[in-house]
Amino acid sequence: MAACIFCKIIKGEIPSMKLFESEKIFAFLDISPLSKGHSLIIPKYHGAKLHDIPDDQLHEILPVAKKIAIAVGAEDYNILQNNGRIAHQLVDHVHFHMIPKPNDTEGLG
Ligand code: 5GP
Ligand code: ZN
């Protein structure tokens, strides 16, 4: 979708700190991290909400989130996925947050 910022990130039209890419998935660091290592894992398929995304575009999401959590050394972390404004979704391209929860005062989230 031409106007979508996450579609532009996938295409490289907006720079990002890329962590992983495959045929169906893209992962990158959040621009406004709630803690060190806060990452976003997204399907390349554009859809605003989870129910807009075909199942076969989602299979890699949690395995990639798991690998990133291990790679950044997150012991405790949240996987979050918001759908709709009332649920605090700001970017209308499905994304899963991986938010490390450090056990010191470094984390803001
Ligand atoms: P939401 O509230 O929609 O679940 O979260 C959207 C997330 O996308 C926020 O954590 C925000 O910091 C992140 N974000 C918004 N625009 C950009 C961007 O241009 N680049 C990156 N890397 N993250 C972004
Ligand atoms: Zn998009």
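Provided above is the structure to which this section pertains.
Every value quoted in this text rests on a predicted model; they were computed, and no experiment measured them. (Residues numbered from 1 in each chain as written. Chains lettered and ligands numbered in written order. Predicted model: local features only at pLDDT ≥ 70, side-chain atom pairs only at ≥ 80, totals over all residues.)

**Q** Account for the overall build of the protein chain, naming residues and giving values.
**A** Each helix and strand in the protein chain was counted, giving two helices and five strands. For the protein chain, the N- to C-terminal ordering of α and β elements is α-β-β-β-α-β-β. Computed over its C-alpha atoms, the radius of gyration of the protein chain comes to 13 Å, within 12% of the 13 Å expected for a compact globule of 109 residues. When its C-alpha atoms are laid out on the principal axes, the protein chain stretches across 40 × 30 × 25 Å. Per-residue burial for the protein chain yields a buried fraction of 25% across its 109 residues. Within the protein chain, counting contacts between residues at least 6 apart in sequence, those at least 24 apart form 55% of the total. (Helix = DSSP H or I, 4+ residues; strand = E, 2+ residues; numbered from the N terminus. Rg over C-alpha atoms; globule rule 2.2 N^0.38 Å. Buried ≥ 20, exposed ≤ 12 C-beta atoms within 10 Å, placed from the backbone. Contact = placed C-beta atoms within 7 Å.)

**Q** So what's going on with the site of ligand 1? Which residues, and what values?
**A** Taken together, 13 residues lie near ligand 1, and Ile-31, Ser-32, Asn-82, Leu-90 and Val-91 sit nearest. Taken together, the residues of the shell around ligand 1 break down into seven nonpolar, five polar and one charged. (Near = placed C-beta within 6 Å. Nonpolar A, V, L, I, M, F, W, Y, C, P; charged D, E, K, R; others polar.)

**Q** Could you give an account of the pairing of strand E1 (residues 18–21), with specific residues and numbers?
**A** In terms of strand pairing, E1 meets strand E2 (residues 25–29) through three bridges, oriented antiparallel. Bridged to Phe-20 within E2 is Ala-27. If you look at the hairpin formed by E1 and E2, you'll find three residues sitting between the two strands. (Pairing = 2+ DSSP bridges.)

**Q** Quick rundown of the sheet that holds strand E4 (residues 77–80)? Include the residues and the values.
**A** Reading across the sheet, the five strands line up as E1-E2-E3-E5-E4 and stay open at both edges, with antiparallel pairing between neighbours. The two strands at the open ends of the sheet, each matched to only one other strand, are E1 and E4. Between one strand axis and the next, the sheet turns through 15° on average, direction left out of account. As judged from the four bridges shared by E4 and strand E5 (residues 96–100), these two strands associate in the antiparallel manner. In the strand pairing of E5, Ile-79 is matched with Met-98. (Axes fitted to C-alpha atoms, helices over the stretch in contact; angles between N-to-C directions.)

**Q** An account of helix H2 (residues 61–71) is needed here, citing residue identities and associated values.
**A** Within H2 the residues assigned to the buried category are Ile-61, Val-64, Ala-65 and Ile-68. Down the axis of H2, the sector holding all buried residues measures 100°, keeping them to one side. Among the exposed residues of H2, those oriented more than 90 degrees off its buried face are Pro-63 and Ile-70. Those residues of H2 that are buried lie in contact with E1, E2, strand E3 (39–43), E4 and E5. With its phi angle positive at about 75°, Gly-73 sits one or two positions after the end of H2. (Arc of directions from axis to C-beta.)

**Q** Lay out the nonpolar core in plain terms, naming residues and giving numbers.
**A** In this structure, Ala-27, Ile-41, Val-64, Ala-65 and Met-98 are the most contacted members of the largest nonpolar core, which totals 20 residues. For this core, the secondary structure elements donating two or more residues are helix H1 (5–11), E2, E3, H2 and E5. When near neighbours in sequence (up to four residues on either side) are disregarded, Ala-65 contacts Ile-41, Ile-79, Phe-96 and Met-98. (Core = buried A, V, L, I, M, F, W, Y, C linked by C-beta atoms within 7 Å.)

**Q** Please give an account of the environment of Tyr-45 that cites residues and values.
**A** Note on placement: Tyr-45 falls in the loop between E3 and H2. In the structure, Tyr-45 is positioned 38 residues away from Cys-7 in sequence and 8.5 Å away in space, judged by C-alpha atoms. Excluding residues within four positions of it along the chain, Tyr-45 makes contact with Ile-53, Pro-54 and Gln-57.

**Q** I'd like a description of unusual backbone geometry, backed by residues and values.
**A** In the Ramachandran plot, His-88 falls in the positive-phi region, its phi being about 75° despite a non-glycine side chain. Looking at the element boundaries, His-88 is found in the loop between E4 and E5. Judged by local crowding, His-88 falls into the exposed class, with 9 C-beta atoms found within 10 Å.

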